[in-house]
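The primary structure of each chain is shown beneath.
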Amino acid sequence: MKRIQGWGNTKTNYLVPEAAQQYLSKTVGYPLKLVNASQEFLLRKVPPSKLHPYPGILIDPEIRLRHARGQSLGDWIDMGDGSVDTFPDGVIFPSNEKEIRKLLQYAQANEINLIPYGGGTSVVGHLTPPGEGPPTLSVDLSRMNQLIEINKENLEATFEAGVSGPQLEDHLKKHGFVLGHFPQSWEYSTLGGWIVTRSVGQQSYHYGRIEPLFVTGHLETPLGSLEFPHVPKSAAGPDLRHILLGSEARLGILTRATMRIRRLPEEERFYAAFFPNFKIGAKALREIAQAELRLSMLRLSDPMETETTFQLSGEEKLVNYAKRGLSLFGQGENRCMLIYGLTGNHAANKLADRQLAHLVRKHQGMMIKFYLGEAWIEKRFLTPYLRNTLWDLGYALDTLETALPWQKIQIGRQSILSELHNGLARDGEKVLAFSHISHVYTNGASLYITYLYRRAQDPDQTLDRWKRLKGAASRAIIALGGTITHQHGVGLDHQPYLATEKGPLGTRIIENIIKDMDPKQVMNRGKLVTSGE
Ligand SMILES: Cc1cc2nc3c(=O)[nH]c(=O)nc-3n(C[C@H](O)[C@H](O)[C@H](O)COP(=O)(O)OP(=O)(O)OC[C@H]3O[C@@H](n4cnc5c(N)ncnc54)[C@H](O)[C@@H]3O)c2cc1C
C-alpha cells in the first residue's frame, strides 16, 4: 500500500542508525519530537465535491486525499503536518484513449480542470489543485500500463503512458531489452510523467535523457488527437515533439509513447573512486566527459555529501577503517567520492575502466573496486525512503538542481551552498547542505543539492523556512545564469523564475501555444506558466 504521508510503500523503511542520528543532531541541532497529522484529520478536511456525476469519477475523501499532492517539500508539510487545503473534486482512472477523448469533451463542456496523475512523484507542485475556480478532476493513468508493441528491427517499443518504471522494464526484460531510464523516483514515476517533465535518469550518460529516447507519441488535446510523426529523423520545420516535452500537462494527456530501446547489456558494474577535494574531482570529471569515455554513470559527491553518506551507512566500523585507509593514500578530510557505472559488453567496459583509471590517477584519485559501487546500486531506489525516517525524526529534507557550464561549477556550488547554510541564520537554525554532480556534458554539468533543517513546532514556520531557503538558492542560481531546473521541471515552485530563463518573448510563445491549444483552459491550469489561472 502506498503511503499517504511521505514516500513509497508502507512496508519499506530506511533505518537511520543511532550514530547517524547523533551526527545529525551535532550538525543541525536536536530535532523536536513532532507527530504527523492523523489521517482521520486529513480526511475530515476534504470538502464536498463540486463535480456533477460522471461515469467512473470517484469522489470519496480517501482517493481525493491520495491525489491531492506530489512529493515537493511543501507537499510533505501539507500532508505530514496537516496544512493541506486544496483537493481534487474527484479522481478518474481511464482505461483507454477513447475514454480520455470523452473526458476532454466533458471537461470543456462543464469547465473542469484536469490534472493528469502519473506516479505522483512531482517535486515542484505539478499536481496541486488550484484553490479557486472550476472543479478539479485528477486523471490517474495507472490503468494504462501496457506494452503495446516491440519493434525488434527498429529497436523501438510502444507503451501506454501510465506505465511505471518497474512495469516498463519488466515488459522489456522479458524480450531481452532495456529502456534504461532510471530516475531515483523510478519505483513509481511513469513514462508519461517523464516525457512531459523532461526527466533525467541516473544513467543518462549512457542512455540519454528522456528527450532522445522519445520517438513519437499520441496526445489527446482539447482540440483533438495529435499523433506525432513516426520517422527516424526529420528536417520538416520545428519538431512538434518539443512542444510536448516539458509541457507539464498544459497541452493535453499523453496516452502512449514509442521509445528507443536497447538490447540488455552483457554486463553492468558500479565502482567507486576518491579524489582529494571537489575542485580536483570536478576537473577530472570534465576531462572524462570531454574524452567521451564509454561509461554509463558518473556521480561525484562533495566532501560533505561523502561524509554524510558514510555516516548514514550504518557501517561505523567499516567506515572508520575505510577513512583511515583513504587518508593514508592522500584522500583526507576533503575527500570526494565518485560512483561510476560501466554498462555494455565486457571488452568495451574493460577498456573504459582502464581509461578512467588513467584519468583518476592523473588527478590524484584512487580507485575502489569493492563494496561502495555495489552498495550504491543496491540502495539507489531505497534512498528516497530515508526522507521518511528523517521526517519522523524531526528533519525536513529537500533537494534542488541546476546545470552550469564547467567554469561556473565551483563558484556555483559555493554560492548556492552558502545561501543555504546561512539561510536560517536569523532563526538561529543550522542547515546541512551538500551537493553532487550527477549528469555531465562536454560543456558543463548538473549540480544537485540536498539540504536538511529542523522541522519547527509550527508547520507554518517549517514552510516559511523552506520557502526562504528555496528562494535564496533559486535566486543564486538565476544570478549565476544557471537553469532553474535541470530535471525536475517547473510546476508551481519554479514558475517565478521561468521568465528570467526564457525571456519575455520566449514566455509569450509558451503562453500563446497553451492558449491556442487549450482555449477553455481545462488542462492543469496555473502550472508551468500562470496563464489559465
Ligand atoms: C524521490 C524522488 C526522486 C526523484 N528523482 C528524479 C530523478 O532522478 N530525475 C528526474 O528527472 N526527476 C526525479 N524526480 C522527479 C519526478 O520523479 C519526475 O518529475 C517524474 O518525471 C514525474 O513522473 P510522474 O509519473 O510521477 O508524474 P506526476 O508527478 O504524476 O506528474 C508530473 C506532471 O506530469 C503530468 N503528467 C503525468 N502523466 C502525464 C500524461 N500521461 N500526460 C500528460 N501529463 C502527464 C502531471 O499532470 C504533472 O503535471 C524525483 C522525485 C522524487 C520524489
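In case you missed it, the structure is sitting above this.
Scoring rules and cut-offs
- Residues numbered from 1 in each chain as written.
- Predicted model: local features only at pLDDT ≥ 70, side-chain atom pairs only at ≥ 80, totals over all residues.
- Heavy atoms only, no water.
- Near = heavy atom within 4 Å.
- Polar contact = N/O pair within 3.5 Å; in protein donor to acceptor, adjacent residues only side chain to side chain.
- Areas by Shrake-Rupley, 256 points an atom, 1.4 Å probe, with all protein chains shown as cover.
- Helix = DSSP H or I, 4+ residues; strand = E, 2+ residues; numbered from the N terminus.
- Nonpolar A, V, L, I, M, F, W, Y, C, P; charged D, E, K, R; others polar.
- Pairing = 2+ DSSP bridges.
- Axes fitted to C-alpha atoms, helices over the stretch in contact; angles between N-to-C directions.
- Salt bridge = Lys/Arg side-chain N within 4 Å of Asp/Glu carboxyl O.
- Buried < 20%, exposed > 50% of the residue type's maximum accessible area, 1.4 Å probe, protein only.
- Expected span 1.5 Å × (residues − 1).
- Contact = heavy atoms within 4.5 Å.
- Core = buried A, V, L, I, M, F, W, Y, C linked by side-chain atoms within 4.5 Å.

A. Spatial organisation of the site of the ligand. Near the ligand, the surroundings consist of 35 residues, among which Pro116, Gly118, Thr121, Ser185 and Thr190 are the closest. Between the ligand and Gly193, the relevant distance is 3.4 Å, taken from an oxygen atom to a main-chain nitrogen or oxygen of the residue. Thr197 has a polar side-chain atom sitting 2.9 Å from an oxygen atom of the ligand. Expressed as a share of its isolated accessible area of 970 Å², the protein-covered part of the ligand is 97%. Elements supplying a minimum of two residues to the shell around the ligand: β2 (113-117), α7 (191-197) and β9 (253-260). The residue makeup of the shell around the ligand, split by class, is 15 nonpolar, 19 polar and one charged.

B. Just the sheet that holds β2, in detail. Pairing is parallel across the open sheet formed by three strands, whose spatial order is β1-β3-β2. Since the sheet does not close on itself, it has two edges, and those belong to β1 (90-92) and β2, each with one partner. Taken over all neighbouring pairs, the strand axes of this sheet differ in orientation by 25° on average, direction set aside.

C. Examining the pattern of salt bridges more closely. Across all of its chains, the model carries 22 salt bridges by this definition. For Arg69, the salt bridge identified is with Asp78, shortest N-O distance 2.9 Å. Its salt-bridge partner being Lys323, residue Glu307 comes within 2.9 Å of it at the nearest N-O pair. Here Glu307 is found in helix α12 (residues 303-312), whereas its partner Lys323 is found in helix α13 (residues 316-328), with 16 residues between them in sequence. Exposure remark for Lys323: the relative accessible area of 17% places this residue in the buried category. One network of salt bridges, in which partners are shared, links Asp427, Glu429, Arg454, Asp464, Arg465 and Arg468.

D. The pairing of strand β16 (residues 432-441), seen in detail. Where burial is concerned, most of β16 is hidden: nine out of the ten residues are buried. Inspection of the sheet shows strand β12 (residues 297-301) paired to β16 by two bridges, in the antiparallel sense. Bridge pairing links Leu300 to Ile437 in β16. Of the strand pairs in this sheet, β16 and strand β17 (residues 444-454) are connected by eight bridges, and their pairing is antiparallel. By the bridge assignment for β17, Val440 is matched with Ala445. The hairpin turn running from β16 into β17, its antiparallel successor, is two residues long.

E. Here's a closer look at helix α18 (residues 459-480). Here α18 spans 32 Å end to end across 22 residues, near enough to the 32 Å set by a 1.5 Å rise per residue. Residue Asp458 occupies the N-cap position of α18, its side-chain oxygen lying 2.9 Å from the main-chain nitrogen of Asp460. Just downstream of α18 lies Gly481, where phi reads positive at about 80°.

F. Expanded view of unusual backbone geometry. The phi torsion at Glu111 lies on the positive side, around 50°, for a residue other than glycine. By relative accessible area, which is 54% here, Glu111 ends up exposed. Non-glycine residue Gln521 carries a positive phi angle of around 55°. Relative to the elements of secondary structure, Gln521 occurs in the segment after α19 (495-517).

G. Quick peek at the sheet that holds strand β8 (residues 224-227). Spatially, five strands are ordered β4-β5-β9-β7-β8 in an open sheet, and the strand pairing comes out antiparallel. This sheet does not close on itself; its edge strands, each paired only once, are β4 (147-151) and β8. Direction aside, neighbouring strands of the sheet carry axes that sit 10° apart on average. Relative to strand β5 (residues 156-160), β4 runs antiparallel, the two sharing four bridges. Bridge pairing links Ile150 to Ala157 in β5. Packing against the sheet, helix α6 (residues 165-173) makes contact with β4 and β5, and its axis sits at approximately 140° to β5.

H. Highlighting the nonpolar core. The biggest cluster of nonpolar side chains holds 68 residues, and the ones touching the most others in it are Leu285, Leu295, Ile416, Ile437, Tyr451 and Tyr453. With near-sequence residues (within four places) excluded, Leu285 lies in contact with Leu298, Leu300, Leu338, Trp406, Ile437 and Val440. In terms of nonpolar packing, the next biggest core, distinct from the first, is built from 36 residues, Leu168, Leu172, Ile195 and Ile210 among them.

I. Highlighting the side chain of Thr306. Structurally, Thr306 is set in helix α12. Judged by its relative accessible area of 1%, Thr306 falls in the buried class. Once residues lying within four places of it in the same chain are set aside, the contact partners of Thr306 are Phe274, Ser301, Arg335, Cys336 and Met337.

J. Molecular detail of the environment of Glu187. Residue placement: Glu187 occurs in the loop between β6 (177-178) and α7. Under the relative-accessibility criterion, Glu187 is labelled partly exposed at 23%. Sequence-distant contacts of Glu187, defined by excluding residues within four places in its chain, comprise Trp7, Asn9, Ser164, Pro166, Phe381 and Tyr385. A polar contact is formed between the side chain of Glu187 and the side chain of Asn9, at a distance of 3.3 Å.

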